[in-house]
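# Examination of the molecular architecture
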Amino acid sequence: MAMHHYLRLSFILLFVIMSFFCIYFIIKKRRNKKAPKLLSAEKYPSSMSEGMKEIPSNDSFFNIWPYISELKAAKILSKKVKESELVHKVYRNSTEDFEHILLATEKENHFVEIVVDRNKKKAMGYLFLDL
């Protein structure tokens, strides 16, 4: 009977140790999570071309909502901004490699612009526009 108790205690101990490892790695992963990237002055012009054209916001292929959640978590976008009024305009360059998505902010004529690389299917970064 005593052997049965030792076996049970060893399984409980193994479970506790594995739980601590999982919690440790989850915390470590959350700390290493990268914040949204602010575009530099050198990279931004490379995403533009002579013929930027406005497209309807529903024609944009990129799902921006996870990226917007990251911007809100990093306190770049206000949590008070209404989701329905967030996307102001969407522009695509003439080579159709990049999309520029303008997001409304609380201030008038102030925008956060997300630059999306259509070939890589990911956001390059964001920048602030004061028009």
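Residues numbered from 1 in each chain as written. Predicted model: local features only at pLDDT ≥ 70, side-chain atom pairs only at ≥ 80, totals over all residues. Heavy atoms only, no water.

## Some remarks on the nonpolar core
Selection criterion: As used in this record, nonpolar core signifies buried Ala, Val, Leu, Ile, Met, Phe, Trp, Tyr and Cys residues forming a set joined through side-chain atoms within 4.5 Å. Buried, partly exposed and exposed residues are distinguished by accessible area as a fraction of the type maximum, computed with a 1.4 Å probe on protein chains only: under 20%, between the cut-offs, and over 50%, respectively. Put simply, DSSP H or I for four residues or longer makes a helix, DSSP E for two residues or longer makes a strand, and each gets a number counted from the N terminus. Whether two residues touch is decided by their heavy atoms; if any such pair falls within 4.5 Å, the residues are in contact.
The biggest cluster of nonpolar side chains holds 18 residues, and the ones touching the most others in it are Ile-68, Leu-71, Leu-77, Ile-101, Leu-103 and Ile-114. Mapped by element, the contributors of at least two residues to this core are helix H3 (65-73), strand S3 (98-104), strand S4 (110-117) and strand S5 (122-130). If near-sequence neighbours (up to four positions away) are discounted, Ile-68 is found in contact with Leu-77, Leu-86, Leu-103 and Ile-114. Judged by nonpolar contacts, the second largest core, of nine residues, contains Phe-111, Val-115, Met-124 and Leu-129.

## Side note on unusual backbone geometry
The phi torsion at Lys-75 lies on the positive side, around 60°, for a residue other than glycine. Summarising the element assignment, Lys-75 is placed in the loop between H3 and strand S2 (87-92). According to the relative accessible area criterion, Lys-75 is exposed, its value standing at 72%. The backbone of Glu-96 shows a phi angle near 60°, a positive value even though the residue is not glycine. Summarising the element assignment, Glu-96 is placed in the loop between S2 and S3.

## Some details on the pattern of salt bridges
Charged atoms that come close allow side chains of opposite charge to pair. Which entries qualify depends on this criterion: Criterion for a salt bridge: a side-chain nitrogen of Lys or Arg within 4 Å of a carboxyl oxygen of Asp or Glu.
Considering all chains together, one arrives at four salt bridges under this definition. The closest approach of N and O atoms between Glu-99 and Arg-92, which form a salt bridge, is 2.6 Å. One exposure class covers both Glu-99 and Arg-92, and it is buried. Glu-99 serves as the salt-bridge partner of Arg-118, at 3.6 Å between the closest nitrogen and oxygen. Linking Arg-118 in the loop between S4 and S5 with Glu-99 in strand S3, this pair joins segments that are 19 residues apart in sequence. On the accessibility criterion, Arg-118 (22% relative accessible area) is partly exposed. Overall, the relative accessible area of 0% leaves Glu-99 in the buried class.

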